[in-house]
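Single-letter residue listing:
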Amino acid sequence: MSAKQVQDVFVESLGVAAGTDWSGLAYRGVEEWDSVAHMVLVGELEDAFDIMIETQDVIDMSSYPEVLRILTKYGVDVS
Amino acid sequence: MRYPSSNAPALLDATSGQVLTYAQLDERVTRRTSELPRDAGLVVLAMEQTIESIVDFLALLETGQPVVPTDPHLSAVRLNAFAERYAADVVIDRRNRWRLAWPYSSSDPGIFERSYGPRSHPDLALLLSTSGSTGSSKLVRLSANAIAKNASAVGVSLDLRPADRAPTLLPLHYIYGLSVLLSHLTAGASVLVTGRSVIEPEFWTDFATSECTILNAVPYTFHMLRRTGFYERELPSLRAVTQAGGQLRPDLMKDAEQRLTNMGTGLYVMYGQTEAAPRIACLAPVDLRERFGSVGRPLQGGEVSIVGKDGIAKPPGEMGEVVYSGPNVMLGYADCRDQLALGDVNQGRLFTGDLGYLDAEGFIYITGRLKRIGKVFGMRLNLDEVEGMLPDLDPVAVVQGNDCVDVFTESEGSDLAGARMRIAAELGLPLAAVKVHIMDRIPLLPTGKPDYMALTRGA
């Protein structure tokens, strides 16, 4: 497991470019990350890491750094 | 549009906290009419979730200039192609994102003009694309009268009162979103202007603080609401949720109805089409349990009949095409600028292309769509019904392929081989005539419905 895998999920589900500015990537900050895409992203992260993301975390995943921080809580190694 | 002129609030801006009363809105609209061009045959408006865009829109209606509200996120290439195709006289793009090229020039920041084309029909007020995307070919032509009549009928069906308030959750360039705005203004109720979605905590803070009473949802909204803890929220001001924009799966509707009832909130199921500006029918919460699966009865001033292939009306219980008559029916379609001069082609009558039946009390039940009928090996297939046969593959989209049905799903985990064999058997088709494709994401239209055109091309 690594941050690379999380990035792959973002690329696959949002269609953001692989060379994107990850630290600055935020919900509604790019056209691709709208509310419908957010729900797709959450579903893809759950599948990729075999986890169930709780309600509050679904809401809190508002940027790429936040997604990494929250995934750590679920035991995902993002180093 | 005529709305009550008073000191009651009309629009509230969620970002700035600004409140516009009806009297102030009226003043803003009047001022704007003097700044806008006159006598344009077609105006394209980048419709944002802002008070400025709403004022622009109302001012265009006021001056009788036909307007197409469009998605402000549309790419410059697509917008230019659209403006070119319909030879729009004026484009209002306040942020100049579309960098319109010749023949347009800017007379005022954000207003782009070219030499005007032919006059449009005097009754024409609003044009909208049937699919919610400008890429599609046809525009629906709506008169000011159709819009006003429908806005008022929606208010009656929802029992809208001055104390009611809805957020602009749905895009204002989408007929459902526009209908929420206009029905509230017609009823003397108010609208919270926001660009946020239900998955953002700030949306709910604004919703609660400004005491919104109504939430307007499309089927996909219910998925978002469930995943983001909506049903656990304390929202004492919320009295009603409306569902339109496509049929909600029965199990999701049951779930939503139960949870909303627990919150003390009513669920209104609505049915319509862009071609009807847009509402045709509404099922009130009081009828929902007993008439589960129905989309309700026609709105005030409208009538629905079920018509067979022979054009003759069917008795209750028998299936046929849903035909709607009412003052809100479109004038007709247009697929080029010249057709904007056309008058009332439909004459108040709309063949919806939906299949359904009426019960003895006149409640409408929709069972499928006439136009989504496929033909495989000479056999007629209702593609929506095929989708309904695959609940375990949801989200699923089925389109007609080259002598096969193409099934698109996102659910990799389920038993795809088994599902394929099962529906081939049920449809009486050879296994090879059913192709299953796994997609990361089924492409959706801005309306939240699957983009069947894109799927057909990609299959």
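Scroll up a little and you will see the structure.
Anyway, here's the lowdown on the structure attached to this text. (Residues numbered from 1 in each chain as written. Chains lettered and ligands numbered in written order. Predicted model: local features only at pLDDT ≥ 70, side-chain atom pairs only at ≥ 80, totals over all residues. Heavy atoms only, no water.)

### Topic: the pairing of strand 16 (residues 294-298) of chain B
All names here are of chain B.
So, step 1. Here strand 15 (residues 279-283) pairs with strand 16 via two bridges, running antiparallel. Note that in strand 16 the partner of Cys282 across the bridge is Arg297.
So, step 2. As defined by bridge partners, strand 16 adjoins strand 21 (residues 364-369) across two bridges and the pair is classed as antiparallel. Bridging across to strand 21, Ser294 finds its partner in Tyr365. (Pairing = 2+ DSSP bridges. Helix = DSSP H or I, 4+ residues; strand = E, 2+ residues; numbered from the N terminus.)

### Things to note about the interface of chain B and chain A
So, step 1. Each partner contributes to the interface: chain B provides 17 residues, whereas chain A provides 18 residues.
So, step 2. The tally of links between chain B and chain A comes to two salt bridges.
So, step 3. Across the pair Arg227(B) and Glu46(A) runs a salt bridge, and its minimum N-O distance is 2.8 Å.
So, step 4. Counting the contacts that link chain B with chain A gives five residue pairs in polar contact (both at pLDDT 80 or more).
So, step 5. Considering only residue class, the side of chain B that touches chain A consists of five nonpolar, six polar and six charged. (Contact = heavy atoms within 4.5 Å. Salt bridge = Lys/Arg side-chain N within 4 Å of Asp/Glu carboxyl O. Polar contact = N/O pair within 3.5 Å; in protein donor to acceptor, adjacent residues only side chain to side chain. Nonpolar A, V, L, I, M, F, W, Y, C, P; charged D, E, K, R; others polar.)

### Focus: helix 5 (residues 175-186) of chain B
All names here are of chain B.
So, step 1. For helix 5, spanning 12 residues, the distance from its first C-alpha to its last is 16 Å, which sits close to the expected 16 Å at 1.5 Å a residue.
So, step 2. Taking burial as the measure, the 12 residues of helix 5 include 11 buried ones, the bulk of the element.
So, step 3. Taken as a whole, helix 5 has its buried residues at Ile175, Tyr176, Gly177, Leu178, Ser179, Val180, Leu181, Leu182, Ser183, His184 and Leu185.
So, step 4. Downstream of helix 5 by one or two residues, Gly188 has phi in the positive range, about 75°. (Expected span 1.5 Å × (residues − 1). Buried < 20%, exposed > 50% of the residue type's maximum accessible area, 1.4 Å probe, protein only.)

### Thoughts on the pattern of salt bridges
Residues and elements named next belong to chain B.
So, step 1. What the rule picks out here adds up to 25 salt bridges over all chains.
So, step 2. Here Glu35 ties to Arg32 by a salt bridge, and the two come within 2.7 Å at their closest N and O atoms. Of this pair, Glu35 and Arg32 are both found in helix 1 (residues 22-35), three residues apart, which corresponds to roughly one turn of the helix.

### Topic: the sheet that holds strand 13 (residues 240-243) of chain B
Residue and element names in this part refer to chain B.
So, step 1. Reading across from one edge, 12-13-14-15-16-21-20-18-17 is the order of the nine strands in this open sheet, with mixed pairing throughout. Single-partner strands in this sheet number two, and they are strand 12 (214-217) and strand 17 (303-307). Adjacent strand axes in the sheet meet at a mean angle of 45°, parallel and antiparallel pairs treated alike.
So, step 2. With four bridges joining them, strand 14 (residues 266-272) and strand 15 adopt antiparallel strand pairing. When the sheet's bridge partners are listed, Tyr271 is paired in strand 15 with Ala281.
So, step 3. On top of the sheet, helix 7 (residues 219-227) reaches strand 12, strand 13 and strand 14; it is set at about 115° to strand 12, its chief contact. (Axes fitted to C-alpha atoms, helices over the stretch in contact; angles between N-to-C directions.)

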